[in-house]
Amino acid sequence: MGCAISSLGTKAEFGERSAEEEEDAAAVYPREDQIQMIKDSWKVIRDDIAKVGIIMFVRLFETHPECKDVFFLFRDVEDLERLRSSRELRAHGLRVMSFIEKSVARLDQQDRLEALAVELGKGHYHYNAPPKYYSYVGAEFVCAVQPILKERWTSELEEAWKTLFQYVTGLMRRGYQEECCRQRHLALSPKNRPEKRNTAL
């Protein structure tokens, strides 16, 4: 994964793979039984999507404070209690939960899910949100929904959600890399280069 002109892709040229690339290579699409488990659990989770979104991001900033650098609005907020009541964080949490809801709705249409995730990865290039953070969100989602699902939560359900997140984040990374390559190509294309003036006499 990656392109030759991308600094993120240079390892691939030498036959080395990053941990993220290894993870992407191992990513598989959820099985039929996992899809059903995800859909059934989502019916319960969606009643608390705003709450889950906030818990997920507050936990993310607790466990990976460097992630705040990606979020301009929260970069300098040290008080996590202030974050819990932040309208901006609630709005962002809802956007992420909306993406998860769309992903769940497209589980029976793999091509549509793929297109959705790749597009989101391309968008994250423009938000300056690098791929190394994507998998953190899935891990925090799993932690945030366990108390909501209570006895419905099983190791099989956890594996199903992890499988979905691994698949989706791999596609997001691909979208990010594609957009990175596209932008670098645009920057290097002749029409975008400044004109060289002939200074010869």
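Residues numbered from 1 in each chain as written. Predicted model: local features only at pLDDT ≥ 70, side-chain atom pairs only at ≥ 80, totals over all residues. Heavy atoms only, no water.

- Identification of the protein chain as Globin domain-containing protein from Takifugu flavidus is taken from an unreviewed UniProt entry.
- A UniProt comment under Subunit (unreviewed entry) is attached to the protein chain, and it reads "Monomer. Homodimers and homotetramers. Mainly monomeric but also detected as part of homodimers and homotetramers."
- Looking at the Sequence similarities (unreviewed entry) heading of the UniProt record, one finds this comment for the protein chain: "Belongs to the globin family." (UniProt positions renumbered as here; feature names shortened; annotations may be inferred.)

Regarding the environment of glutamate 178
Argument step 1. Inspection of the secondary structure puts glutamate 178 in helix H9 (residues 155-188).
Argument step 2. With 57 residues separating them along the chain, glutamate 178 and glycine 121 place their C-alpha atoms 8.8 Å apart.
Argument step 3. Among residues more than four places away in sequence, those in contact with glutamate 178 are Val118 and Lys122. (Helix = DSSP H or I, 4+ residues; strand = E, 2+ residues; numbered from the N terminus. Contact = heavy atoms within 4.5 Å.)

Regarding the packing of aromatic side chains
Argument step 1. One pass over the full model with this rule turns up 10 aromatic pairs.
Argument step 2. Residues phenylalanine 141 and phenylalanine 165 carry aromatic rings whose centres are separated by 5.1 Å and whose planes lie at 50 degrees to one another, so their mutual orientation is tilted. Here phenylalanine 141, found in helix H8 (residues 134-149), pairs with phenylalanine 165, found in helix H9; they are 24 residues apart in sequence, far enough to count as distant. The same class applies to phenylalanine 141 and to phenylalanine 165, which are both buried.
Argument step 3. Taken together, the ring pairs connect Trp42, Phe141, Trp161 and Phe165 into an aromatic cluster. (Phe/Tyr/Trp six-rings, centres within 6.5 Å; stacked < 30°, edge-to-face > 60°. Buried < 20%, exposed > 50% of the residue type's maximum accessible area, 1.4 Å probe, protein only.)

Overview of the packing of H8 against H9
Argument step 1. In the contact formed by H8 and H9, the axes pass within 9 Å of each other and the chain directions differ by 155 degrees. As summarised for this structure, H8 and H9 are arranged roughly antiparallel, according to the angle between their axes. Helix-helix and strand crossings are classified by hand; for H8 and H9 the assignment is right-handed. Seen from H8, the contacting residues are Tyr134, Ser135, Gly138, Phe141, Val142, Gln146 and Leu149; seen from H9, they are Leu157, Glu158, Trp161, Lys162, Phe165, Thr169, Met172, Arg173 and Tyr176.
Argument step 2. Among the residues making up the contact of H8 with H9, the classes are represented as nine nonpolar, four polar and three charged. (Axes fitted to C-alpha atoms, helices over the stretch in contact; angles between N-to-C directions. Parallel < 35°, antiparallel > 145°, perpendicular 65-115°, else oblique. Left-handed = near helix turned anticlockwise from the far one by under 90°. Nonpolar A, V, L, I, M, F, W, Y, C, P; charged D, E, K, R; others polar.)

So, the side chain of serine 103
Argument step 1. Relative to the elements of secondary structure, serine 103 occurs in helix H6 (residues 87-105).
Argument step 2. Among the residues examined, serine 103 registers a relative accessible area of 3% and is labelled buried.
Argument step 3. Every residue in contact with serine 103, bar those within four places of it in the chain, is listed here: Leu113 and Leu116.

Some remarks on the nonpolar core
Argument step 1. Formed by 50 residues in total, the largest nonpolar core has its most connected members in Ile45, Phe61, Ile100, Phe141 and Trp161.
Argument step 2. Broken down by secondary-structure element, the contributors of at least two residues to this core are helix H3 (32-45), helix H4 (49-63), H6, helix H7 (110-126), H8 and H9.
Argument step 3. If we skip the residues at most four places from it in the chain, phenylalanine 61 touches Cys67, Lys68, Phe71, Phe74, Leu80, Leu83 and Leu89. (Core = buried A, V, L, I, M, F, W, Y, C linked by side-chain atoms within 4.5 Å.)

Some details on unusual backbone geometry
Argument step 1. At asparagine 128, a residue that is not glycine, the phi angle is positive and equals roughly 60 degrees.
Argument step 2. Tracing the backbone through its elements, the reader meets asparagine 128 in the loop between H7 and H8.
Argument step 3. Even without being a glycine, lysine 150 presents a positive backbone phi close to 50 degrees.
Argument step 4. Turning to its location among the elements, lysine 150 is positioned in the loop between H8 and H9.
Argument step 5. Lysine 150 sits in the exposed class, given a relative accessible area of 60%.

Some words on H7
Argument step 1. Compared with an ideal rise of 1.5 Å per residue, which puts 17 residues at 24 Å, H7 spans 25 Å between its outermost C-alpha atoms and is within 8% of the ideal.
Argument step 2. Of all the positions in H7, only Leu113, Leu116, Ala117, Val118, Gly121 and His124 are classed as buried.
Argument step 3. Buried-residue contacts for H7 involve H6, H8 and H9.
Argument step 4. Phi turns positive one or two residues past the end of H7, at asparagine 128, with a value near 60 degrees. (Expected span 1.5 Å × (residues − 1).)

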